[in-house]
Amino acid sequence: MSDTDLDQLRRVHDELDMTSLRNAPGTGKRLKILVVGAGVGGLSAAIALTQIGAQVDVIEIKPDNSVPGVGFGLRLNGMRAVRELGLLEQCKAFGTKPSGLTYYDNRGQHLSTLSYGPDDGDVPSILVMSRIGYLDVATARAQELGCDIRMGTTVASLEQKPDTVAVTFSNGDSAEYDLVVGFDGINSQIRHEYFGARYDPTPAGGVAWRCPLPLADGLTDTTFLQGHGGKIVFSPLSSDMMYMVLTVAEEGRPRYDPAEMPRIMYDRARALMGDSEFMAESIVQVLQSTSVAYTPYSTVWVPYPWFRGRVMIGGDAAHTMPPYLGSGAAMAIEDGVVLAQELAKDHSLLDAQLMFMARRLPRARAVHERSIESMLEEFDSVTPEAFQRRLQFLRDLEPIANEYSNRLLALPY
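Starting from 1, residues in each chain are numbered consecutively following that chain's sequence as written. Local features are withheld for residues below a pLDDT of 70 in this predicted model, meaning they are given only at 70 or higher, and side-chain atom pairs are given and counted only at 80 or more; totals for whole chains, interfaces and linings count all residues. Heavy atoms throughout the structure, all of them, feed into the side-chain values; hydrogens and water do not.

S.K.: If you had to explain the overall build of the protein chain to someone new, which residues and values would you point to?
M.R.: Secondary structure elements are taken from DSSP: a helix is a run of H or I of four residues or more, a strand is a run of E of two residues or more, and numbering for both begins at the N terminus. Counting its regular elements, the protein chain contains 14 helices and 18 strands. Taking 2.2 N^0.38 as the reference for a compact globule, 413 residues should give roughly 22 Å; the C-alpha atoms of the protein chain span a radius of gyration of 22 Å, in line with that estimate. Principal axes of the C-alpha set define a box for the protein chain whose edges measure 65 × 50 × 40 Å. Here the protein chain holds 413 residues, and 56% of them are scored as buried. Any two residues whose heavy atoms approach within 4.5 Å at even a single point are treated as in contact. Across the protein chain, the fraction of contacts at a sequence separation of at least 24, relative to all contacts at a separation of at least 6, is 74%. Values of accessible area rely on a 1.4 Å probe in the Shrake-Rupley scheme; residue burial ignores everything except the protein chains shown. Total accessible area on the protein chain is roughly 16900 Å²; 52% of this is exposed by carbon and sulfur atoms. Within the protein chain, the 52 negative side-chain charges are centred at a point lying 3 Å from the centre of the 38 positive side-chain charges. Each radius of gyration is computed over the set of C-alpha atoms, and the globule rule expresses the reference value as 2.2 Å times the number of residues to the power 0.38. Three labels apply to residues, based on accessible area from a 1.4 Å probe with only protein chains included: buried if under 20% of the type maximum, exposed if over 50%, partly exposed otherwise in between. Positive charges come from Lys and Arg alone, negative charges from Asp and Glu alone, with His and the N- and C-terminal ends not counted. Note that the charge is assigned to NZ on lysines, CZ on arginines, CG on aspartates and CD on glutamates.

See the structure below:
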């Protein structure tokens, strides 16, 4: 740990009063809470906390929540949490439920067909939706419940007092809160300033290229194409739209001219597919896309605990993982729901935080590790020999690994 980190943690420790935390009420209706970040995790936490009676303010550094061209999936665990937020029917209305996931090699040869597991009554085992669609309905729900959401605003300073956290905002306003929760993403300001630079993101050695495309004829399920050193994913997003994701190992953190990104994504796709014509009509449409997104994979893992006094972190601020179980967003939503459940109980703020950690730490860790393992297994397919081993794994063993993932995610949170 650097001297700067040590000084920072000493400062935080000096500000904490454990007695006040042990005596502070955890009952949600008595709490005034600031949620930093209005993404999937932050808005979900705000809804859950407001539903137990807390007074919740939300701030977001970005001026708006537009996320063009990006889709994501929620498995059964994420959909159960969405139901608790009162958003299930809205998400089902604009999302798409694939019946399964099919693996092919880069020549279009079928390798395996995987299930997402059974539904849980009215809760689907998987739903794929646009990220901006979820943000829209979550924002509306949070505001309906009384959350104050301020865009283009961030934290200028935090000062922990015995009974509150004094917050000064970037616009000069100030307020005091019982609890501040950072759901401000992989580059979390709250984590960096209150937990130390040693938990800043670590490059994972891979990247994702994403763009929306017209739905391919006959595509009803999520389709994976395994290539040399990476894969291409086509996933239905609506009745006429799908999104394409290309993942590939790539060292360093190169920057690309946005105008050149459609061509670069297309070239990466052709390199994975070789001279195969499988899904070629969709791949060539990347060249016409105006919404190509490029994301180098990084990971974050903050060990126990995810709080420093009255300042906490959750979601990607605490546990960013590569999207290989499709559960990064679901883990963030779960964090908010579980935090609200524990704060609603008749025990102290410190007890609520400790119980939150007892429930979240092992679960998030297991999903985090499995996601990284899956990424590395996929990227280990560059040489002809390694590629053939990967195809054999997808034919014979991936169905078993998939069943393990299904059961892991279906466990209670």
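S.K.: Tell me about the sheet that holds strand S8 (residues 155–160), and name the residues and values.
M.R.: In spatial order, the strands read S8-S9-S10; together these 3 strands make up an open sheet with antiparallel pairing. Of all strands in the sheet, those bounded by a partner on one side alone are S8 and strand S10 (174–177). Strand-to-strand, the axes of this sheet are offset by a mean angle of 20 degrees, without reference to chain direction. The criterion for strand pairing is that DSSP finds at least two bridges linking the strands in question. Strand direction decides the pairing type here: S8 and strand S9 (residues 165–169), joined by 5 bridges, are antiparallel. Axes, fitted as lines to C-alpha atoms, cover a helix only where it is in contact. Angles between the N-to-C directions of the axes lie from 0 to 180 degrees.

S.K.: Outline the packing of helix H3 (residues 40–51) against helix H6 (residues 131–144), listing residues and values.
M.R.: Across the interface, H3 lies against H6 with an axial gap of 9 Å and an inter-helix angle of 25 degrees. When the axis of H3 is compared with that of H6, the two are roughly parallel. Pair H3 / H6 crosses with left-handed handedness. In contact with Val 40, Leu 43, Ser 44, Ile 47 and Gln 51 of H3, H6 contributes Arg 131, Tyr 134, Leu 135, Ala 138, Thr 139, Arg 141 and Ala 142. Ten residues, namely Ala, Val, Leu, Ile, Met, Phe, Trp, Tyr, Cys and Pro, are considered nonpolar, four, namely Asp, Glu, Lys and Arg, are considered charged, and the remaining ones, Gly among them, are considered polar. Considering only residue class, the contact of H3 with H6 consists of 7 nonpolar, 3 polar and 2 charged. Angles are sorted into four bins: roughly parallel if under 35 degrees, roughly antiparallel if over 145, roughly perpendicular if 65 to 115, and oblique for all others. Crossing handedness follows the turn of the near helix against the far one: under a right angle anticlockwise gives a left-handed crossing, and clockwise gives a right-handed one.

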